[in-house]
Every structure is written in C-alpha cells, then in structure tokens.
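Each chain is listed here by its residues.
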Amino acid sequence: MIGQTGFMEFSKDGDLIIGGVFSMTSTRKLSAHESTLNTVCRWNDRELKFARTVIFTVEEINRDAKLLPGVRLGYKLYNGCGSENLIRAAVEAVNGEPSNGCSGQIQALLGHSSSGVSEDINIILSSLSIPQVSYLSTCACLSDKRLYPTFFRTVPSDRFQIIGLVQLMKYFDWRWVGIIHSEGLYSEEGTNEFVKEAKKEGICVEYRLPYSKTSQIRLDTIVETLRESSSKVVLLFVSLSYTKSFLSKIESYNITGKQWVGSESWITQADLASDERKNILQGAIGFALPQASIPGLRDDVIKAFWEKFFDCSFSPSNTSTMCTGTEDLQTVSSDYTDVTYFRAENNVYKAVYLVAYALHALLQCRNGSNPITGKSCVLEYIKYVNFTTQNGAKVFFDENGDSVAQYDLVNWQMKEDGSVKIVNIGQYDTSVPEGEKFKLKENTEIVWGGNSIQVPRSVCREPCPPGTRKAINKRKPVCCFDCFECPEGTISNQTNSPECFVCPPEFWPNEKKDQCFPKPTEYLSYKEIMGALLTGFGCVGIFLSLLTSIIFLTHKETPIVKANNSELSFLLLFSLKLCFLCSLTFIGRPSEWSCMLRHTAFGITFVLCISCVLGKTIVVLMAFRATLPGSNVMKWFGPAQQRLSVLTFTLIQVVICILWLTINPPFPKMNMKYYKEKIILECALGSAVGFWAVLGYIGLLAFLCFILAFLARKLPDSFNEAKLITFSMLIFCAVWITFIPAYVSSPGKFTVAVEIFAILASSFGLLACIFFPKCYIIIFRPEQNSKKHLMGKIPPRNL
C-alpha cells in the first residue's frame, strides 16, 4: 500500500510489523511567494532506495521457509520532511495497540539515517523498550547505553571511522591538517572525536571551521583560510546535504593544491562530481562503507518510482501519459538507479534481518522470555543476535550495540568530462589484529590532490633531522616545534629526537652530529713533518758526535787532544751520542716501556754528559792551581778521581730514576681534557716529584758546572777550554730555563716536541761549543796543533 494517511508512505500487513522512518522528501527549500515563506519538500532518491531495500528484504524473508516459519512479516514505513516531522512520524509509528505483551504496534523501528534525528527518536523509544536499529547514524555519542539503551546500528560508529582517518593521516605522515565541519550532531561530535584522537598520534589541527548553508561570512572565512593556510590536507567532515551545498558554493573560488579527505557520508557520492569541481575533488580520499551485493534488489523497482522517473502512469490520467513498461531505467542517472554496488543499502538489509532473527529467537522461547535475562520483548533478543545474511554479511553487536567496523578506502579519479571513477585502494578492518587493521592494496594507482603523482606533504614543520633536537614551542601547536642543532660534543641519531646525547669519552661527533666516531689520536709521529725534522736533527747530532769521536780518535796523540783530557772528552762524546739517541725515544706512539725509557734515559744520559763537563771544568781549574809554586792539587783529582766523580754523579741520578720507577713510574695516558675533539696520547709523569727531581738534579749539576767554568774564564789562552765550557753551559742553562714554561704551556704533541728540542739544543750546544773549535784546529789549522803553540808563556803540562 502506498500513500497512507499521516506520515506513512508504504505499508504491508503481517503477523509481526517492522516500522521505519525515512526522509523520502527530506530536502527543504524556502521560497518567497507573496511575502510568505513556504517549505517545499523534494523527493530524496537515496532515502527512497533505503525504503525500497526494506520492502525487498521483508519480501525475501517472507519467502524463507526457515526464518520465521509460519509468520508473515509486515512493515510500516513513514516519511518526514525535516526533524520535527520525522519525530512525529516516529511517534505515529509506535502509537499502536500492545502486542504479545510488548508496548506498541511495531516490534522495532528502523532508522533514521541522521544521528541527530536518531538521538531524538531514541529518547522516545527507550521509555517504551522498543528497539531502534539505525543503518546510517554513525555518531559515536549514540554508543552510550546509559543515554540510549534501546539504540542499535548496523553501521559502524564514527569512532572507528575517526580512528581509521587518524591512522590514514599517520600512514601518509600528514601531521598538519585543517577541518571543515557542518552543523549538527554527526559532524560536530565527529570533529571533536577526531581532534582528540589526532592529538594522541601527534597530528595537529591548524584550523576547524564550521560551515553554514546560510552564512556568507562563514564561507568567506573558509575560503580565506584555505588560501592562506600552510596545511595541504583538509578533512571535510560534513553530512551529504551540507557537502552538496558547500561544493556548489566553493567551486567558483578556484581553490587548488589541497588534498581533500572525506567522511563516509559523501565520499562515495559520484553525483557530486562535475567539471567545475575537478580542481577540488580530484584525488579526494576517504573511508566508505564496504561494497556489497544484494541479489535481486537491482531489478526490483516499484511502480511509483517508475512513474516518477519517466513521468508516466500505469493508471489512466489526464495529466500523464501511460507507461508502456518498455522504458529503460538504466538511462536514468540518480541515486536510486545506482545499483552496481550497495554500501549503505547493505546496512539497511542487515537491519531488517537483525529484527527478523531477533523475532525468530523470541518465538522459539517459552512464554516469549529470554532464557538468559528472563525478560521478554525483541529488545532483549537483539542484544545477543549473531547471524550471517544470505549475501555473507556477519552481524553481531558489542556491549555498546555497535557492529564490527569495516571500511573501504576509496580514491576519486576524475575524468576529462568531469565524471569520477571511485577506486577502492585499501581497507580498514577493526576485526583483525592490531597493526593489520589498515592496509593499502598493492599495485594500485592513487591520484592525489591537485592531480599530483606524489603523496602531498602536510606538516607545520619538517621533522628535525639527525644532528638536531626537537623542542616544543609553547606558543605554537605541538606540530610546530623548533629544531636546534646539537651542542658541541653531542649527537642525535634519530629524526625528531627530543634530546641530544653526549658521546662516550673516546668518541666525538661527526660534522653532521648524527654519529659518534672514535676521536683521532694525536702524538708525535715519525711520519709527520715535525716528527721527521726532529728525528733528522737527532740523527745529525749522532752523526756529528760520531764524526767528532773519529776525528779525536785519529788525532789522539796530537797536543790539542791530549791537552783537553782525552778520556773525559771521549766519555763526553759517548754521552752526547746517547743524548741525541734518547731524543728519538720521545717520538712515536707512547707505550708503557717507551714512557719509562724516555724520561729515565734522558735523565741518566744528561747527568753523564754534565758530569763529564763538570769533570773537565774541575780539571782545568786544578791544572791552573798546579802551575803555582808549591801546589800539589793535581794528585787529588787525577784520572781515577775523575772517573769516580763521573760515576758518583751519574749513580745518584740512577738511584733517583729507580725510586721514580719503583714508586710511581711514567705510564701512557689518553688526555681527553685539553682537546674536546681529539685524544692526546702522552706519557703521564706518574710521580711529578720524581720528574722534577731528575730535572732538578740535572739543573744543579749544570749550574755548578757553569759557576766553575765562569770562575775559570780568565785563565791564560792556553787553557781557553774554560771559556768554551762557560759558553756551552750558558746555552745549556738558557735552553732548560726556557724549556720549563714552554713545556708546561705546550699542548699535546708540542709538549713532547719542546722536550726533544731542549734535548737537541742543549746537546748541540755542548757539541758545538766544546768540540767544534778543536776539530776546526785539527782539520783546518794543523799548524796550531803543536806544543809550542799550546805552551805559549806557560810551561806545557800533561793533563
């Protein structure tokens, strides 16, 4: 029956009745006519198809011998234009005589598609314990069983869609998004839920703007924001009617370069596409209710719709032509004729079956009572329904009356003529384990906003690269953070690292400050220029000492060699060779043995050297005293005493070195304090007292030698070796006095270089001042190498 009184549009008698409320004439249009505003309700093809699906499903159930056997299922489908009329229609649907001990003529009410309307209707139905099953009311707020105890739905809660949208944006790394929402419970609650879930995943909302069909100011604000905002992704979370209004107005503003993400309310509505909207909708993506097939529904077209589409009538009429039955419905483009796949209609299909299975279970129980709860009526049985429809859809509810959430991820791929191909590119299924809920199809071409072939970037700030740290700016959203370069000596090896980490002591950051590498070690090496030069000078010193020894050895019988105490001279030349040689121990990588050897060898060889010079100085002074009448001092400092003095002075230094090595010897050390970026390999002194005792003893002998040589500086020319010793000791002391501050202040390998330089300089000073003049006379002035020349006015003496 069609066209009933009141709000009823379609009805059929039966043993049990299912009610339904639809907005078959839901669009309202205000028109001015003779200063009066009239509400004009237009047919809504989509809602008509929902109503037709109910009728089809009821007929299918009635043909099923197993489901509700012996019982005829009937329906009463009501139509309302606007929220107030829809609520009145719902009241009319439930305003009937009690049946089977349950309140109301209908057993359950199907609908509505709008969350706001369903909320209002359920407030009425909950007091009557009449279950309401919605096929499209998705607001998460309706899951609250304390407020809506009789509400169920075969469409997933928006909470699942919101989580899916957040995971989608997280997957594509869209961290900076804008939201446009409409008025009403569905959009406002969904937007609030999205903002809350997005915040958990570090996704920030740049703006959230409400859209109104009647406010131009709000539209201007949206347009200005879209043009000036930095976010590239826009979530259009609005109902279908608001989407149509929004797109019709914004298409003329030439908004480009945005990636639109849609809610399930409009993302599969191909009739929204047009050539003017191509720059907006091209590449739009969003989650849609999954595709389903309902066999037989495609061909089941009722008479009223046929007459409406072709403007004909199957009954004689003066205003319409007769329908012949040969008209082709496939040539008509509307929501009603789009029956290739069913999405929302499948939820209507499941809703009817849900009530039928609950009624079937109710009739199987004694006295119509639920064996689990002891309560009666369909409401108690709907809670525990678990079945599979003929098209394979599994239906059951959780504790909130929500069904399992499954979505298709679809992509709008616009054609040249402005039409659209809505391509399924992925799925979101809450029934699978965590981590597998969201999947993209392999080898599926995706078109992005602005007809781009690359995934759009939508971030307030690009991630902080390794080598920097992420700092939250309290004056900006969390996604608009600051990036600061890691301080010296620290690294970050991850993107968006919240802090920088100090490298271990032996490591130092690279230039990018994203890795710690072993610090380069520094020591005086033979391979570098400074080390090679010092090695060369040391070898030259050894060669010159050896050459001098050879010259003195080949001319040992000459007066000048004999007159200068040849035994001490050869011992001094030997000690100088050791001095030049010990300088080489300071070059190279420090080791335990080299550290102990370099300082002790240097201390002992230099004491041996100074002891020889001191002996020569004493000999010169004694020789002068021996020339005075009655003097007999030479017997007190003969060759035996000279050897003993050198041995004694040297043994004292040996004892100091032994004590040093025994108590706290030098050892190799990695100095990481002087330079932050490199390690100095050096020899730690161990006992500083031991080191300065060695140096102090050398300095004491040198100072004593200098004083004695200074006192002998005015001896006759025949004994001019005293002048040479004085000059050599002056150089020696000057070098070592200068060495101390230079040694203390020099960094790293330069400390070693200063010490080697002091050894070489003082050794060359002794070699040059004491031996080079004699070698010059021996080689170039042999005529002066005679007793006559040496005697002068002083009788010659054997030294």
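Each chain carries its own residue numbering, running from 1 in the direction its sequence is written. In keeping with the model being predicted, local features are shown solely for residues with a pLDDT of at least 70 and side-chain atom pairs are shown and tallied solely at 80 or more, while totals for entire chains, interfaces and linings include all residues. To get the side-chain values, all heavy atoms of the structure are used, and hydrogens and water are removed first.

Q: Account for the overall build of the protein, naming residues and giving values.
A: Looking only at helices and strands, one finds 20 helices and 29 strands in the protein. For every residue, the accessible area (1.4 Å probe, protein chains only) is compared with the maximum for its type, and the residue is labelled buried under 20%, exposed over 50%, or partly exposed between those bounds. Taking all 799 residues of the protein together, 51% fall into the buried category. Residue contacts are defined here by distance: any two heavy atoms, one from each residue, within 4.5 Å place the two residues in contact. Once local pairs closer than 6 in sequence are excluded, the contacts in the protein between residues at least 24 apart make up 68%. Values of accessible area rely on a 1.4 Å probe in the Shrake-Rupley scheme; residue burial ignores everything except the protein chains shown. Summed over its atoms, the accessible surface of the protein is roughly 38,100 Å², and 57% of this surface lies on carbon and sulfur atoms. Secondary structure elements are defined from DSSP: runs of H or I of at least 4 residues count as helices, runs of E of at least 2 residues count as strands, and each element is numbered from the N terminus.

Q: So what's going on with the packing of helix α12 (residues 529-554) against helix α19 (residues 749-780)? Which residues, and what values?
A: For any two helices packed against each other, one specifies the inter-axial angle together with the distance between the axes. Here the axes come from fitting lines to C-alpha atoms, over the contacting stretch only for helices, and the angles between their N-to-C directions go from 0 to 180 degrees. The interhelical angle for the contact between α12 and α19, taken along N-to-C directions, is 25°, at an axis separation of 10 Å. In this view, α12 runs roughly parallel relative to α19, as classed from their interaxial angle. The handedness of the crossing between α12 and α19 comes out as left-handed. By residue class, the composition of the contact of α12 with α19 is 18 nonpolar, four polar and two charged. Every angle not falling under 35 degrees, over 145, or within 65 to 115 is termed oblique; those three ranges are roughly parallel, roughly antiparallel and roughly perpendicular. The sense of a crossing depends on the near helix, which, turned anticlockwise from the far helix by less than a right angle, makes the crossing left-handed and, turned clockwise, makes it right-handed. Each residue is assigned to one class: nonpolar for Ala, Val, Leu, Ile, Met, Phe, Trp, Tyr, Cys and Pro, charged for Asp, Glu, Lys and Arg, and polar for all the others, Gly among them.

Q: Give a description of the sheet that holds strand β1 (residues 8-12) that names residues and reports values.
A: Ordered in space as β1-β5-β2-β6-β7-β8, the six strands form an open sheet in which the pairing is mixed. The outermost strands of the open sheet, each flanked by one partner alone, are β1 and β8 (151-153). Taken over all neighbouring pairs, the strand axes of this sheet differ in orientation by 20° on average, direction set aside. Sheet topology note: the β1/strand β5 (residues 73-79) ladder contains four bridges and is antiparallel. The criterion for strand pairing is that DSSP finds at least two bridges linking the strands in question.

Q: Tell me about the side chain of R343, and name the residues and values.
A: Residue position: R343 is located in the loop between β15 (321-322) and α10 (344-364). A relative accessible area of 13% means that R343 is categorised as buried. For R343, the residues in contact, after removing those within four places along its chain, are T268, A288, L289, P290, Q291, D408 and V410.

Q: Go over empty space enclosed by the protein with me, naming the residues and quoting the values.
A: Every definition here rests on a 1 Å grid over the protein atoms only: cavities are sets of points where a 1.4 Å probe fits but cannot get out, pockets are open sets enclosed by protein on both sides within 12 Å along at least five of seven lines, and lining residues have some atom within 4 Å of a point. Grid points are joined across faces, edges and corners, and a volume is the space filled by probe spheres set on the points. Across all of its chains, the model carries three cavities of 30 Å³ or more by this definition. Looking at the second largest cavity, it is lined by 13 residues, and the ones nearest its centre are Y523, L524, L681, E682 and V752. Secondary structure elements with two or more residues in the lining of the second largest cavity: β29 (679-684) and α19.

Q: Describe the sheet that holds β29, with residues and values.
A: Spatially, the three strands line up as an open sheet ordered β27-β29-β28, and their pairing is mixed. The open sheet has two edge strands with one neighbour each: β27 (521-522) and β28 (667-671). Of the pairings in the sheet, the one linking β28 to β29 comprises five bridges and is antiparallel in character. Note that in β29 the partner of M670 across the bridge is L681.

Q: Lay out the state of the cysteines with the relevant residues and their values.
A: By disulfide we mean two sulfur atoms from cysteines, separated by a distance within 2.5 Å. Following the criterion strictly, the structure yields seven disulfides and no others. Two residues share a disulfide in this structure: C486 and C500, whose sulfurs sit 2.1 Å from each other. In this structure, the disulfide formed by C486 and C500 twists by about -80° around the S-S bond and is classed as left-handed. Of this pair, C486 sits in the loop between β22 (482-485) and β23 (490-491) while C500 is found in the loop between β23 and β24 (501-502), placing the two residues 14 residues apart along the sequence. Taken individually, C486 and C500 each receive the classification buried, so the pair is uniform in this respect.

Q: Mind laying out the environment of V223, listing which residues take part and the relevant values?
A: Along the chain, the position of V223 falls in helix α6 (residues 216-228). With 32 residues separating them along the chain, V223 and I255 place their C-alpha atoms 7.8 Å apart. Excluding residues within four positions of it along the chain, V223 makes contact with I250, Y253 and I255.

Q: Give a detailed account of the UniProt feature "transmembrane region" (unreviewed entry) in the protein, specifying residues and quantitative values.
A: UniProt positions are given in the numbering used here, feature names are shortened, and annotations may be inferred rather than shown by experiment. Mapped onto the present numbering, the UniProt feature "transmembrane region" (unreviewed entry) falls at residues 529-554, 566-588, 600-624, 644-663, 691-712, 724-744 and 756-779. Taken as a whole, residues 756-779 contains 100% helix and 0% strand, while its terminal C-alpha atoms sit 31 Å from one another.

Q: Report on the packing of aromatic side chains, specifying residues and quantitative values.
A: Here a ring pair, both rings aromatic, is described through the centre-centre distance and the interplanar angle of the planes. Pairing of aromatic rings covers Phe, Tyr and Trp, the last counted by its six-membered ring, and requires centre-to-centre distances within 6.5 Å; plane angles under 30 degrees mean stacked, over 60 mean edge-to-face, and any other angle means tilted. For the structure shown, the criterion picks out 28 aromatic pairs. Between F287 and Y407, the aromatic rings sit 6.0 Å apart at their centres with planes inclined by 55°, giving tilted as the arrangement. Placement of the pair is F287 in strand β13 (residues 285-288) and Y407 in strand β18 (residues 406-414), with a sequence separation of 120 residues. Note on F287: relative accessible area 0%, which makes it buried.

Q: Give me the environment of V607: which residues, what numbers.
A: The residue V607 is located in helix α15 (residues 592-626) in this model. The class for V607 is buried, based on a relative accessible area of 0%. If near-sequence neighbours (up to four positions away) are discounted, V607 is found in contact with F649, T650, Q653, Y697, I698 and L701.

Q: I'd like to hear about α6, residue by residue, with values.
A: Every helix has an expected span of 1.5 Å times one less than the residues it contains. Compared with the 18 Å implied by 1.5 Å per residue over 13 residues, the 18 Å span of α6 between its first and last C-alpha is a close match. Buried residues in α6 make contact with β9 (176-182), β10 (204-211), β11 (233-237), α7 (240-250) and β12 (259-262). Pairs of N or O atoms are called polar contacts if they sit within 3.5 Å, as long as, within protein, a hydrogen donor faces a hydrogen acceptor (for residues adjacent in sequence, only side-chain-to-side-chain pairs). Capping the start of α6 is the job of one residue whose side-chain oxygen sits 3.2 Å from the backbone nitrogen of R218: S215.

Q: Which residues make up helix α5 (residues 185-200), and what are the values?
A: Two residues of an α-helix separated by three or four positions point the same way, owing to the 3.6 residues in each turn. Between its first and last C-alpha, α5 extends 23 Å over 16 residues, near the 22 Å set by a 1.5 Å rise per residue. Every buried residue of α5 is listed here: L185, Y186, S187, G190, T191, E193, F194, E197 and A198.

Q: Summarise the confidence of the model for the protein; cite the residues concerned and give the values.
A: Scored by pLDDT, the protein has a mean of 82; 84% of the residues are at 70 or more. Confidence, expressed as mean pLDDT per element, reaches its minimum in the protein at strand β3 (residues 27-33) with 46 and its maximum at β11 with 95. Here pLDDT means the predictor's own confidence in every residue, given as a number from 0 to 100. Confidence over residues 1-5 falls short of pLDDT 50; this stretch has 11 contacts with residues more than four positions distant or in other chains.

Q: Account for the pairing of β11, naming residues and giving values.
A: The element β11 is largely enclosed, with a buried count of five among its five residues. What you see with β11 is no split at all: V233, L235 and F237 on one side and V234 and L236 on the other are buried throughout. Across five bridges, the pairing between β9 and β11 is parallel. Bridging from a neighbouring strand, H181 pairs with F237 of β11. Here β11 runs beside β12; their pairing, made up of four bridges, is parallel. For L235, the partnering residue across the bridge sits in β12 and is V261. Seen with the strands pointing away from the viewer, any crossover whose path from the first strand over the helix to the second strand runs clockwise is right-handed. Tracing the backbone out of β11, into α7 and back to the parallel element β12 gives a crossover that is right-handed.

Q: Just give me the short version of the side chain of S23, but keep the residues and values in it.
A: Along the polypeptide, S23 turns up in the loop between β2 (16-22) and β3. You can call S23 buried: its relative accessible area is 6%. A polar contact is formed between the side chain of S23 and the side chain of H112, at a distance of 2.6 Å. Discounting residues that sit within four places of it in the chain, S23 has contacts with N44, E47, N79, G80, L86 and H112.

Q: An account of the pattern of salt bridges is needed here, citing residue identities and associated values.
A: Salt bridge criterion: a side-chain nitrogen from Lys or Arg within 4 Å of a carboxyl oxygen from Asp or Glu. In the structure shown here, the tally under the stated rule is 21 salt bridges. The salt bridge partner of K196 is E193, with a shortest N-O separation of 3.7 Å. Residue K196 and its partner E193 are located together in helix α5, separated by three residues, close to a single helical turn. When its relative accessible area of 45% is taken as the criterion, K196 is described as partly exposed.

Q: Tell me about unusual backbone geometry, residues and numbers included.
A: Put simply, G111 and H112 share a cis peptide bond, and its omega is 5°. Mapped onto the elements, H112 comes out in the loop between β6 (108-110) and α3 (115-126). The phi angle at S129 is positive, at roughly 60°, despite the residue not being glycine. As for its position among the elements, S129 is in the loop between α3 and β7 (132-134). Look at D173: it is not a glycine, yet its phi comes out positive at around 60°. Here D173 is to be found in the loop between α4 (158-171) and β9.

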